[in-house]
Protein chains: 2
Amino acid sequence: MSDSKRVKRPQLHLTAFMRPVSLHTGAWRYPGAYPDANFNFNHIKSFIQKLEAAKFDAFFMADHLAVLNMPVEALKRSHTVTSFEPFTLLSALSVVTEKIGLAATASTTYDEPYHIARRFASLDHLSNGRAAWNIVTTGNPESAKNFGLEDHVEHSSRYKRAREFYDVVTGLWDSFADDAFIWDQESGVYFDPEKMHVLNHKGDDLKVKGPLNIARPVQGWPVIVQAGQSDPGRQLAAETAEAVFCSPRDLEAAKALYADIKGRAIAVGRDPNHLKILPAAFIVVGDSFEDAQAKRLKLDSLVHYDSAIASLSIALGTDASKYDPDGPLPTDIPETNASKTSQASVIRLAAKEKLTVRQLAQRLGGYSGLAFVGTPESIADEMGTWLAEEGADGFTIALPFLPQGLDDVADRLVPELQRRGLFRKEYEGTTLREHLGLPRPKNRFFE
Amino acid sequence: MSDSKRVKRPQLHLTAFMRPVSLHTGAWRYPGAYPDANFNFNHIKSFIQKLEAAKFDAFFMADHLAVLNMPVEALKRSHTVTSFEPFTLLSALSVVTEKIGLAATASTTYDEPYHIARRFASLDHLSNGRAAWNIVTTGNPESAKNFGLEDHVEHSSRYKRAREFYDVVTGLWDSFADDAFIWDQESGVYFDPEKMHVLNHKGDDLKVKGPLNIARPVQGWPVIVQAGQSDPGRQLAAETAEAVFCSPRDLEAAKALYADIKGRAIAVGRDPNHLKILPAAFIVVGDSFEDAQAKRLKLDSLVHYDSAIASLSIALGTDASKYDPDGPLPTDIPETNASKTSQASVIRLAAKEKLTVRQLAQRLGGYSGLAFVGTPESIADEMGTWLAEEGADGFTIALPFLPQGLDDVADRLVPELQRRGLFRKEYEGTTLREHLGLPRPKNRFFE
């Protein structure tokens, strides 16, 4: 027995929150960007291989089920609404990677649990245990119209169905015991029918007989991810999620959210360590703070003013196109019936960074969530603080532009995190559950 | 100008009709078989790479949406009901191949046109134009129970919805003109909104707004495949299909089917050359006819008698378990209220091949459709005759066992076909449409 056994210090978990050419709407115009990456597998392959070399926990593909979710003036400039479908893309990427997790978004409102259970199980087998399901309920009303409905499904109905959908999908994953398939060529028995369970689910929203036509996933269940921040969203996460993608605006908000969701998990009898809180963070790395900020302003400047100004008008609750684009934000913004929080935070942002109306609009039209902009050292400081103060168990990183913004993170930020012991230098396991420190779920129907 | 231009002789098209360890229920027990291939990507990868080296047109993954489609005594011995899901598998296979087509089965009864259009478009982009959609209406009543229904959807309702579903899916594929995405980094215009079409479909069974959130597929539309042989199935094929998988029992039946479907296509104004008839054929290659027949009998002998005898009883319309398994089929089979055709053809088969009751049962429990069993030369003769006499434009080959049965076809039969000029020696194009000699569909909304 060695006496060197000691409690491991907590480390960050890092996932990449991807659209093929970044979530930032100006990114496809950034110098060196691949504007065709949405439909160019080789580019996406190079991105994920870079992330795997940097030992990221997972590659997370964001998704939409509709095109028409913005005015045509903005739409025609957007690279974020068209791309590969997640299951087909991630399955292809499973072949060109070995360790990194593969997280796909799938809707509980506009799909069937048998299909969803089957595709994630299949992806988990193909990838030898690297699949994760980001459960979304799809709020965008344009999506409803692509699936036979005139109006979007009401919020509480969506969450009620989502909870039942989760029970059905996980029940289908448990259709076969882990050792059901015996492949005994001599006796001719392919699987043991005593180790197959017929679900026979009959609930309020769903009726599904089962069993699933696929062996139990390598991970038992693919990792469950959730992103909702509403009250029902937090409750669903506390009851079901193993990783939460969230968008707190600062550390104080993150700590409150972290405590709330972990508290809810404890209240339903779960180990809070088995639920990782991973706030989305937009990362811009530079040689100095000024250099990083200049990169960000350059990126923002690539958001076309016509589409940017609409975002600012919505956030302010007043038509911002009447203001001088190159002047400061006027001080006499009228009170709004829309979100006062949103208006106040935009006014604060303009003052803090001394942004012109144009820059402010471009920030909102580009990416306006939590951002770490600075040197590898300063960003590592911030991330370490969030980890130590229980604002985060890691981050869902939004890369500003590709490939350069990814290279900056992988080649500069990650080594700094590793030097400080805040991030792994090598994968220690092979499955996404192992990367995230999550247990393999027991089969509810078999020992 | 050269005077060597001449009309090209027709050649066969060959696709492989796959379950990961063959369609034959005894195949997983055959010497050298990989019984775990259903969930072993590397085995399937080796199969498709072998097929591509043999210049096959396409790899076609058969599919089911339910497990419980046979009694448990047969089910526990069956490798045909559990495997990877087709889209995830074919997407992964697209990365390890370059030319061979990738055909997936997808149901119009238990899925949504937006999802289906999107996944095939995505697979077509990932594979650079190699996707095909096998349209099925899913008759198995067990499938209905996995999708919220108590009973299966009635035949004519399924076909009515399938026809409308096809219109919606192809309409969604035409959402963008081929040149809609201009990626102009300078002006900041990502795509031309004048080249985007909103479908706004409102039909009897489906309401879908569109547009699809993916660029037009590389092939315009993935290749449309159909397998129904009922009257509505043939009509759907004539109106929509570009390749037909069918199961005629002999050349005479094949010629009638070929003439009927091509005639229906002409009647609706289509070029009959743009609809390829590809009967399913089970191929066993040997050094001699006796050697091939011995392989087949050995394979059949691996079908367990308990599950085989049920197939024979059904086909005869009487309990066959009372007969001596090792004797000949008795001559006093009672008349049946079930299918007289089926009973007669089984009695004919037993007499022709001098099969015992056991062998007959195992044939029916294994694979009892059209088979070419013989030497490379004799099989090439048969295939050539079917092509010349317009019974087939090629074949959907069911491999008897893997990997050996595939190696026999790829290394022995294909070279014989090539020597005779009946099959390509090299791929001449890069897309599945080019392999099959099919035109790229025009976009119905744009020039």
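Note: the structure precedes this text.
Residues numbered from 1 in each chain as written. Chains lettered and ligands numbered in written order. Predicted model: local features only at pLDDT ≥ 70, side-chain atom pairs only at ≥ 80, totals over all residues. Heavy atoms only, no water.

1. A closer look at the relation of the copies chain A and chain B
With an axial shift of 0.0 Å and an RMSD of 0.1 Å, the rotation relating chain A to chain B amounts to 180°. Here the two chains are linked by the operation of a two-fold rotation axis. Measuring from the rotation axis to each C-alpha of chain A, the shortest distance belongs to Ala92(A), at 2.1 Å. Same-surface contact between copies: 100% of interface residues of chain A are shared with the interface of chain B. (Least-squares fit on C-alpha atoms with pLDDT ≥ 70 in both. Contact = heavy atoms within 4.5 Å.)

2. So, the packing of aromatic side chains
Residue and element names in this part refer to chain A. In this structure the tally under the stated criterion is 52 aromatic pairs over all chains. Centroid distance Tyr30 to Phe401: 3.7 Å. Interplanar angle 10°. Geometry classified as stacked. Of this pair, Tyr30 sits in the loop between β1 (13–18) and α1 (41–53) while Phe401 sits in the loop between β13 (394–398) and α14 (404–419), and the two are 371 residues apart along the sequence. With a centroid separation of 4.6 Å and 10° between ring planes, the pair formed by Phe282 and Tyr367 is classed as stacked. Here the residue Phe282 occupies a position in strand β11 (residues 276–285), and Tyr367 occupies one in the loop between α12 (357–366) and β12 (371–374), the gap between them amounting to 85 residues. Overall, the relative accessible area of 14% leaves Tyr367 in the buried class. In this structure, Arg358 is placed above the aromatic ring of Tyr305, and the distance from its NZ or CZ to the ring centre is 5.0 Å. (Phe/Tyr/Trp six-rings, centres within 6.5 Å; stacked < 30°, edge-to-face > 60°. Helix = DSSP H or I, 4+ residues; strand = E, 2+ residues; numbered from the N terminus. Buried < 20%, exposed > 50% of the residue type's maximum accessible area, 1.4 Å probe, protein only. Lys NZ or Arg CZ within 6 Å of the ring centre and 35° of its normal.)

3. Topic: the pattern of salt bridges
Evaluation of the coordinates by the stated rule reveals 71 salt bridges over all chains. Put simply, Arg119(B) and Asp111(A) hold a salt bridge, and the shortest N to O gap is 3.6 Å. You can see Arg119(B) sitting in helix α4 (residues 113–126) and its partner Asp111(A) sitting in the loop between β3 (101–107) and α4 (113–126), one on each of two chains. Asp111(A) matches Arg119(B) in its accessibility class, with the two residues each being buried. (Salt bridge = Lys/Arg side-chain N within 4 Å of Asp/Glu carboxyl O.)

4. A word on helix α9 (residues 289–301) of chain B
All names here are of chain B. Under the 1.5 Å per step criterion, the end-to-end length of α9 is 18 Å for 13 residues, consistent within 8% with the ideal 18 Å. The set of residues buried in α9 consists of Ala292, Gln293, Lys295, Arg296, Leu299 and Asp300. The buried residues of α9 occupy an angular sector of 155° when projected down its axis, which confines them to one face. Taken together, the buried residues of α9 touch β11 (276–285), α11 (340–353), α12 (357–366), β12 (371–374) and α14 (404–419). (Expected span 1.5 Å × (residues − 1). Arc of directions from axis to C-beta.)

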